Amino acid sequence: MNLKSNKTKIGILGGSFDPAHKGHLAISKEAKKRFELKNIIWAITKKNPFKNQSKTSVTERIKFCKKIIGNNSFIKVRFYENKINSNKTIDLINHLKKNKNIEIYFLMGADNLINFHKWYKSKSISQKCNILVFDRHGYKKNSLKSKTFRAIGNTTLKFIEFNKVNISSSQLRKI
């Protein structure tokens, strides 16, 4: 990980944000602080390819994200799918990388690392950006044993332990 780059460092946290919650905010703040990121983009997707269709519209989820973010203006809520005609992470990274002056840090929860090798062009994602994996309660052991962690380890991937907010969007939807 090149921490001494002249490029502007931005983070991307992708997902359906159904709903956005304090955990999303906590990892965004932690990533900004630890890696000196200028901005973090919450890239909202209509549908996570590994989950069921959301019952909440993208517009409503964007509004709720902005409410959760509050005065943390370094976080930008964006919906790129119509602009790039894709919901694939690699296509978003390629779109953002057209700006040669940015370095991308892709943020994810440890639960996502377990199946990351199944993502579309996951190897290419790990070659084009730094991956910050945030520990999630009950996922550390399996994520550190995952195919992806064994394959790329600490080269472009950093496993981050911090005071976790033990909450998930799927838990919140059940409330």
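Cut-offs applied
- Residues numbered from 1 in each chain as written.
- Predicted model: local features only at pLDDT ≥ 70, side-chain atom pairs only at ≥ 80, totals over all residues.
- Heavy atoms only, no water.
- Pairing = 2+ DSSP bridges.
- Helix = DSSP H or I, 4+ residues; strand = E, 2+ residues; numbered from the N terminus.
- Axes fitted to C-alpha atoms, helices over the stretch in contact; angles between N-to-C directions.
- Buried < 20%, exposed > 50% of the residue type's maximum accessible area, 1.4 Å probe, protein only.
- Phe/Tyr/Trp six-rings, centres within 6.5 Å; stacked < 30°, edge-to-face > 60°.
- Lys NZ or Arg CZ within 6 Å of the ring centre and 35° of its normal.

**Some points on the sheet that holds strand E6 (residues 157-160)**
Alright, step 1. Strands sit in the order E3-E2-E1-E4-E5-E6 across an open sheet of 6 strands; the sheet is parallel. Only two strands of the sheet have a single partner each, and these edge strands are strand E3 (75-78) and E6. Taken pair by pair, the neighbouring strands of this sheet meet at an average axis angle of 25°, ignoring direction.
Alright, step 2. Across 6 bridges, the pairing between strand E1 (residues 8-15) and strand E4 (residues 102-109) is parallel. Counterpart to glycine 11 in the pairing with E4 is tyrosine 105.

**Topic: the side chain of serine 143**
Alright, step 1. Looking at where serine 143 falls in the secondary structure, it is placed in helix H7 (residues 140-144).
Alright, step 2. Overall, serine 143 belongs to the buried group, its relative accessible area being 0%.

**Description of the packing of aromatic side chains**
Alright, step 1. Under the counting rule described, the total for this entry stands at 4 aromatic pairs.
Alright, step 2. By the ring-pair criterion, three or more aromatic residues cluster together here, those being Phe106, Phe116 and Trp119.
Alright, step 3. Here the guanidinium or amino end of lysine 32 rests over the ring plane of phenylalanine 74, the centre of that ring lying 5.3 Å away.
Alright, step 4. Above the plane of the ring of tyrosine 120 lies lysine 88, whose end atom (NZ or CZ) is 5.7 Å from the centre.

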